[in-house]
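Take a look at the letters that make up each chain.
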Amino acid sequence: MRDATPATIYLKDYKPYGFEVTSVDLTFDLDPHRTRVTSRIAFTPKPNAGGKIFLHGENLTLISAKIDGVPVTPELTDEGLNCAVPDKPFLWEAVVEIDPANNTALEGLYMSNGMYCTQCEAEGFRKITYYPDRPDVLSVFTVRINGPHKVLLSNGNPVVQSQAHAEWHDPWPKPAYLFALVAGELIAHPGSFTTRSGREVALNLYVRPGDEGKCAFGMQALIDSMKWDEKVYGREYDLDVFNIVAVDDFNMGAMENKGLNIFNSSAVLASPETATDMNFERIEAIIAHEYFHNWTGNRITCRDWFQLCLKEGLTVYRDSQFTSDMRSAAVKRISDVIDLRARQFPEDQGPLAHPVRPESFQEINNFYTATVYEKGAEVIGMLRRLVGPEAYSDAVDLYFERHDGQACTIEDWLKVFEDSTGRDLSQFKRWYSQAGTPMLEVKEDWKAGVYTLTFTQHLKPSATTTDPKPQVIPILTSLLSPSGAEVVPPRVLEMTEATQSFRFEGLADRPLPSILRDFSAPVILKTDFPRSHTAFSLAHDTDPFNRWEAARSLARESLLAMIRSGADPDPAYLDGLTAVIGDKGLDPAYRALMLGLPSQSDLANTLHQSGTTPDPAVIWEASETLRRAQARVLADLLPQIYAEHQVTAPYKPDAAQSGARALANAALSLIGRGDKGAQAQVQYDAATNMTQQLAALAVLLQEKAGKNALQDFEATWKSDRLVMDKWFGLQVMQAAPEDTAATAAALTEHPDFNWKNPNRFRAVMGALSMHHAGFHHISGEAYRLLADWLIRLDPVNPQTTARMCSAFQTWRRYDGARQDLIAKELDRILATSNLSRDTTEMLTRIRGDAA
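None of the values given here were measured: they were computed from a predicted structure.

J.: What am I meant to see in the overall build of the protein chain here?
T.: Helix and strand content of the protein chain: 27 helices and 31 strands. A compact globule built from 851 residues would reach a C-alpha radius of gyration of about 29 Å, and the protein chain, at 27 Å, matches this within 12%. Seen along its three principal axes, the alpha-carbon backbone of the protein chain occupies a region of about 85 × 65 × 60 Å. Within the span of the protein chain, comprising 851 residues, buried residues form 60% of the whole. Residue pairs at least 24 apart in sequence account for 70% of intrachain contacts in the protein chain once pairs closer than 6 positions are excluded. If the 85 positive side-chain charges of the protein chain are averaged to one point and the 110 negative ones to another, these points end up 2 Å apart.

This is the structure in structure tokens:
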């Protein structure tokens, strides 16, 4: 076992590896407990290599080692081996033995329901054989697999395939983290794609028997992704086959291994009966994301793990573009911002804050974060907005041309933009190096036909950014007339100073500003505009995001007043909402988003930032009161909306049908508050797809009328593990705050609660942590329950445990009693013997925060 308190690794200490790896030849003789891996690796020393080589290796039994056919006895350590080597090219040969069946960490080669599979990002390959397991070491791999299995898969193109033997060759150099192997009794759902240059590509989606009916959508999503990447980015696929495998036991959503993507089953399997519209959209996006990595991640990879945002931020941005093109751009943008504010903003404001490109880490698995992914994507979006779509496209083409086959850095990425556009991006680069969410204050002035907007940016110092400097902020802005017409068309105000003014001259009347349109930068906008301006934006703004933001702002202000002083729900908000929801000219999916309220965690953060200690129970009650007010005010409109958006055509998970169902089900949730779930019961009984059935069940649970439906749902779907994940999670999410911990605890006693399966564990414990009022109930029962399970899970699966620790990251927001309860649990976990380095690092950062 590795040291649980390892040394910190720093970006500034990067040194290139001392050897080139010219080829890798691997042979796997599969056995559940005694798989033998034979490696033949050709090394060429670089100048000053030093006559000694270090190879990573963990949990390996070394059987033999040779250099140029001569046996050697390397020095073994907990993290690998050291061995004297010649100062000329040599062949390293090693035989190791590993135990896939007992590899519960799900890193390296492991088993899932009798299937062999791998997960090597970030540092899993070192659990397969001895190798320089770092992303800047690229080589060509040839893999032979021996085992009595129907399907034997690896990266690249097939060379030999038979019942018990297969050989694969990947001609494209890759780092070890992109290695993949799958073996098992699988069934292929085939497809095909012809690239624009005429290459015929065989496509396969491999699944367990019984899942064949859940493959069609995933296959079409793959084909759509391939078409889109050719059309929009000019990127063509480069192998003869592209395989996807669905795996039940998987720590992440999916993995972009070259030519052999491995997916969490929840991220690829779908049918109308078992998956919701949101599941279908998520699957479409994840398949696109992993496919797009073929160029932004595989053909061009990252030099070191500090550059993780180079591949992930860019690829998240690309998959967001894809979803916007496939569905509604406005709805996608709003959904992305909701997610950013829910996941990344709290990260930026708490003990886990770090720059998009971190300067240091102890365990790289802990930096697969919303900051790296989602904020990283926002940085790409700002860059595109600053240079313009055409210049962005030209620069990205240069990036592919210049760096294909290389392991690169953020500096390489920005340099192509500087060379292509002539811009100096040194200040823009601060988005990669400074942690935290900037506060953007704006004030307006109107004098003699001149309208002036003055912006001031603030970034709080943090542990990683002690002296923050002004950043480049693109502020997409338009000026509107009192009737809502654009008197100044949208333009990007490029802010580069701490305080900066922008003048608009020659205006006949005082305009109303539409600022930060399309959420053009990941900042917190603070204005001193009157409430009438927000109401105007809700009614008239020409930017869909800002119109939604106005509704959200009015709802937030109403809720804050209710929380702070017990005020009644704001009539102005409810009147404005009524007008928007009744507007049949708007996209139904957009209208459904308009009915949403700020999350309770978001409200807690707003209170905390303003100096008020949030009370989760009071926030819960205020949110419920405003929901009841929505239901009351919209009572005459909701049945009409519900009836008009019933989809009678055969089910499709496309934007049109999904939007109609989203609005109808949002209406159903409010209708349920008046009829105690009567209409929801009708919908549940008649549902022909999972979207309708699950939405109805949620309302029934909300109204405490779901006992029979819950039993029926379990009886119907008990053999479908993905649907049962929904059953587990929904009960926790819909529980009353005082019942949340007890509900989760009872579910952990259910015979189908397989806590070693990441999906099932997250279904219960993830739902528990996301139920704001329930998790933070003053009894502390939820804190204790989660801590109990993290202690139990850590020796089995450190990666999932560490990621679940983020549930505690906002603990300093709350009152002293809750802080004491959480601190007690954090200390209890940290005192556990042999705690993993993953969990130790996370909890040490969380516990040590004094902000």
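The structure having been displayed, the exposition proceeds.
J.: Mind showing me how you'd approach unusual backbone geometry here?
T.: Apart from glycine, the bulk of residues carry a negative phi angle, and the bulk of peptide bonds sit in the trans form. Residue Glu-121 is joined to Ala-122 through a cis peptide bond whose omega torsion reads 5 degrees. With respect to the secondary-structure elements, Ala-122 resides in the loop between β11 (115-119) and β12 (139-146). A positive phi angle, near 65 degrees, is found at Asn-48, a position not held by glycine. Of note, Asn-48 is situated in the loop between β3 (35-45) and β4 (52-56).

J.: What is the right way to read the pattern of salt bridges from this model?
T.: Side-chain pairs of opposite charge can arise where the charged atoms are in close proximity. All told, the structure shown has 60 salt bridges when counted by the stated rule. Residue Asp-277 pairs with Arg-661 through a salt bridge whose shortest N-O separation is 2.7 Å. Here Asp-277, found in helix α2 (residues 277-292), pairs with Arg-661, found in helix α16 (residues 655-675); they are 384 residues apart in sequence, far enough to count as distant. Residue Arg-343 is joined to Asp-339 by a salt bridge in which the shortest nitrogen-to-oxygen separation is 3.1 Å. Of the two residues, Arg-343 and Asp-339 are both situated in helix α4 (residues 329-348); the distance of four residues between them amounts to about one turn of the helix. For Arg-343, a relative accessible area of 40% corresponds to the partly exposed category. Taking the relative accessible area as the measure of exposure, Asp-339 reaches 27% and is therefore partly exposed. The network of salt bridges with common partners includes Arg-208, Asp-211, Lys-214, Asp-248, Asp-720 and Arg-721.

J.: Just to check I follow, could you spell out the side chain of Glu-347 for this structure?
T.: Along the polypeptide, Glu-347 turns up in helix α4. Arg-343 provides the closest opposite charge to the buried, salt-bridge-free Glu-347, at an N-O distance of 6.6 Å. A polar side-chain atom of Glu-347 sits 2.5 Å from a polar atom in the side chain of Thr-371. Apart from residues no more than four positions distant in its own chain, Glu-347 is found in contact with Leu-352, Ala-353, His-354, Thr-369, Ala-370, Thr-371 and Gln-809.

J.: Looking at this model, I keep getting lost on the environment of Ala-555. Mind explaining?
T.: By the element assignment, Ala-555 lies in helix α10 (residues 544-565). Accessibility expressed as a relative area gives 0% for Ala-555, which makes it buried. Between the C-alpha atoms of Ala-555 and Pro-569, which are 14 residues apart in sequence, the distance is 8.7 Å. Each residue touching Ala-555, except ones within four places of it in the same chain, is listed here: Tyr-573, Leu-597, Pro-598 and Leu-626.

J.: Please explain the packing of helix α20 (residues 721-733) against helix α21 (residues 740-748) as it appears in this structure.
T.: For the pair α20 and α21, interaxial distance at closest approach is 8 Å and the crossing angle is 160 degrees. As summarised for this structure, α20 and α21 are arranged roughly antiparallel, according to the angle between their axes. Our pair here, α20 against α21, has a crossing hand that is right-handed. Contacts from Trp-727, Phe-728, Gln-731 and Val-732 of α20 reach α21 at Thr-740, Thr-743, Ala-744 and Leu-747.

J.: Whenever I open this one, the packing of helix α19 (residues 707-717) against α20 confuses me. Can you help?
T.: Describing two packed helices takes the angle between their axes plus the distance from one axis to the other. The N-to-C vectors of α19 and α20 enclose an angle of 160 degrees; their axes lie 9 Å apart at closest approach. On the basis of the axis angle, α19 is roughly antiparallel to α20. Considering only the axes of α19 and α20, their crossing is left-handed. Note on element contacts: α20 touches α19 through Val-723, Met-724, Trp-727 and Gln-731, opposite Leu-710, Phe-713, Glu-714 and Trp-717. Residue composition of the contact of α19 with α20, by class: six nonpolar, one polar and one charged.

J.: Looking at this structure, I do not really get helix α3 (residues 308-326). What am I missing?
T.: The α-helix winds at 3.6 residues per turn, so residues separated by three or four positions along the chain end up facing the same way. Its 19 residues give α3 an end-to-end C-alpha distance of 27 Å, which sits within 8% of 27 Å, the value for a rise of 1.5 Å per residue. Within α3, 17 of the 19 residues are buried, which leaves the element mostly enclosed by the surrounding structure.

J.: Just to check I follow, could you spell out the nonpolar core for this structure?
T.: Within the largest apolar cluster, 266 residues are counted, with the highest numbers of intra-cluster contacts made by Trp-92, Trp-413 and Phe-428. Per-element tally for this core: the top contributor is α10, with ten residues.

J.: What exactly am I supposed to notice about the sheet that holds strand β26 (residues 450-458) here?
T.: Paired through their backbone hydrogen bonds, the strands of a sheet run either parallel or antiparallel. Spatially, the four strands line up as an open sheet ordered β29-β26-β25-β31, and their pairing is mixed. Pairing within the sheet leaves two strands with one partner each, and these edge strands are β29 (499-504) and β31 (524-527). When strand polarity is set aside, the average angle formed by the axes of neighbouring strands in this sheet is 25 degrees. By the bridge criterion, six bridges tie β26 to β29 in an arrangement that is antiparallel. Within the sheet, the bridge partner assigned to Thr-454 lies in β29 and is Ser-501.

Thresholds, definitions, all that
Residues numbered from 1 in each chain as written. Predicted model: local features only at pLDDT ≥ 70, side-chain atom pairs only at ≥ 80, totals over all residues. Heavy atoms only, no water. Helix = DSSP H or I, 4+ residues; strand = E, 2+ residues; numbered from the N terminus. Rg over C-alpha atoms; globule rule 2.2 N^0.38 Å. Buried < 20%, exposed > 50% of the residue type's maximum accessible area, 1.4 Å probe, protein only. Contact = heavy atoms within 4.5 Å. Lys, Arg positive; Asp, Glu negative; His and termini not counted. Charge placed at Lys NZ, Arg CZ, Asp CG, Glu CD. Salt bridge = Lys/Arg side-chain N within 4 Å of Asp/Glu carboxyl O. Polar contact = N/O pair within 3.5 Å; in protein donor to acceptor, adjacent residues only side chain to side chain. Axes fitted to C-alpha atoms, helices over the stretch in contact; angles between N-to-C directions. Parallel < 35°, antiparallel > 145°, perpendicular 65-115°, else oblique. Left-handed = near helix turned anticlockwise from the far one by under 90°. Nonpolar A, V, L, I, M, F, W, Y, C, P; charged D, E, K, R; others polar. Expected span 1.5 Å × (residues − 1). Core = buried A, V, L, I, M, F, W, Y, C linked by side-chain atoms within 4.5 Å. Pairing = 2+ DSSP bridges.

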